[in-house]
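As a plain string of letters, each chain reads:
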Amino acid sequence: MTVHPLGYFEGMYADDPDPWGFDDRPYERRKQDLTIAALPAGRRFARAIEPGCANGTLTARLLEVCDEVIAFDPIASCVQRAGDRLKGTNATVRQGLLPEEWPGTTADLVVLSEVAYYLDTDAQRDLDERMARSMSDDAILIAVHWTGPTNYPRTGEEVHAHLDALPWLDRLTSLVDQRFVLDVWQVRR
């Protein structure tokens, strides 16, 4: 159901603990800064869910605006690094696949940062159902995806068009950067 190029990611992280430069690449820093800035001003979140947390760089930033973050990633070495980074914080990091191992809890913030284009259509529908069940009535969904060419099942633009068409979400903010698209939606019930 899900297209998980796990071997590819495991190989990337085996060679380099931060192959995409989450900690120091200007692209990643800008994307993280804009992700936090795009959230509704002054709002504090009780619980966020962040799939595909990688080494926990964005997870740490989410703790600036969240009381608790539940983060997960399918790669064991990422979970270890993120867990080490976030030790002593209100972040829970565990190993898990998206969407199959979505947390069985409620959240008022969901963060999809460069993960949803790895999902095929069926997996995206499964994720939609899991998000809808777990998101509180006024929850926020923020998604940010690279817009360059990929060999993934979908492009960043396709992911965002799909999310924008969900009848239970209202878009609050949209930002189109040269290399990524970032959208914020609020649950409408």
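The present account deals with the structure reproduced in this document. (Residues numbered from 1 in each chain as written. Predicted model: local features only at pLDDT ≥ 70, side-chain atom pairs only at ≥ 80, totals over all residues. Heavy atoms only, no water.)

**Observations concerning the side chain of D126**
Turning to step 1, where the next piece is worked out: Position of D126 among the secondary structure elements: in helix α5 (residues 121–134).
Turning to step 2, where the next piece is worked out: A polar contact of 2.6 Å, which involves the side chain of D126, links it to the side chain of R130. (Helix = DSSP H or I, 4+ residues; strand = E, 2+ residues; numbered from the N terminus. Polar contact = N/O pair within 3.5 Å; in protein donor to acceptor, adjacent residues only side chain to side chain.)

**Comments concerning unusual backbone geometry**
Turning to step 1, where the next piece is worked out: Of note, the amide linkage connecting L98 to P99 takes the cis form, showing an omega dihedral of 5°.
Turning to step 2, where the next piece is worked out: Within the fold, P99 resides in the loop between β3 (91–95) and β4 (107–113).
Turning to step 3, where the next piece is worked out: Of note in this structure, A54 is not a glycine but carries a positive phi near 50°.
Turning to step 4, where the next piece is worked out: With respect to the helices and strands, the residue A54 is situated in the loop between β1 (45–51) and α3 (57–62).
Turning to step 5, where the next piece is worked out: Looking at A54, the relative accessible area reads 5%, which means it is buried. (Buried < 20%, exposed > 50% of the residue type's maximum accessible area, 1.4 Å probe, protein only.)

**Describing the pattern of salt bridges**
Turning to step 1, where the next piece is worked out: In this structure the tally under the stated criterion is 13 salt bridges.
Turning to step 2, where the next piece is worked out: Across the pair K31 and E114 runs a salt bridge whose closest N-O atoms are separated by 2.4 Å. Of the two residues, K31 is situated in helix α2 (residues 26–38) and E114 in the loop between β4 and α5; the sequence distance between them amounts to 83 residues. Summarising the burial analysis for this pair, K31 and E114 share the class buried.
Turning to step 3, where the next piece is worked out: For R171, the salt bridge goes to D164, with nearest N and O atoms at 2.7 Å. (Salt bridge = Lys/Arg side-chain N within 4 Å of Asp/Glu carboxyl O.)

**A word on the state of the cysteines**
Turning to step 1, where the next piece is worked out: Summed over all chains, the structure comprises 0 disulfides.
Turning to step 2, where the next piece is worked out: Of all cysteine sulfurs, the one in C78 lies closest to C53, which takes part in no disulfide; the gap is 7.2 Å.
Turning to step 3, where the next piece is worked out: Among the residues examined, C53 registers a relative accessible area of 4% and is labelled buried. (Disulfide = S-S within 2.5 Å.)

**With respect to the packing of aromatic side chains**
Turning to step 1, where the next piece is worked out: In total, this model carries 7 aromatic pairs according to the counting rule given.
Turning to step 2, where the next piece is worked out: Relative to F22, the ring of W20 has its centre 6.3 Å away and its plane inclined at 35°; by these criteria the two rings are tilted.
Turning to step 3, where the next piece is worked out: Residue W20 is classed as partly exposed on the basis of its relative accessible area of 22%.
Turning to step 4, where the next piece is worked out: When its relative accessible area of 17% is taken as the criterion, F22 is described as buried.
Turning to step 5, where the next piece is worked out: Ring centres of Y27 and F180 lie 5.8 Å apart, and the angle between their planes is 75°; this geometry places the pair in the edge-to-face category. Remark: F180 occurs in strand β7 (residues 180–187) and Y27 occurs in helix α2; sequence separation between them is 153 residues.
Turning to step 6, where the next piece is worked out: A connected cluster of aromatic rings, assembled from ring pairs, spans Y13, W20 and F22.
Turning to step 7, where the next piece is worked out: Lying over the aromatic face of F72, R94 brings its terminal NZ or CZ to 5.2 Å of the ring centre. (Phe/Tyr/Trp six-rings, centres within 6.5 Å; stacked < 30°, edge-to-face > 60°. Lys NZ or Arg CZ within 6 Å of the ring centre and 35° of its normal.)

**As for the environment of S77**
Turning to step 1, where the next piece is worked out: For S77, the location among the structural elements is in helix α4 (residues 76–86).
Turning to step 2, where the next piece is worked out: Since its relative accessible area comes to 27%, S77 is described here as partly exposed.

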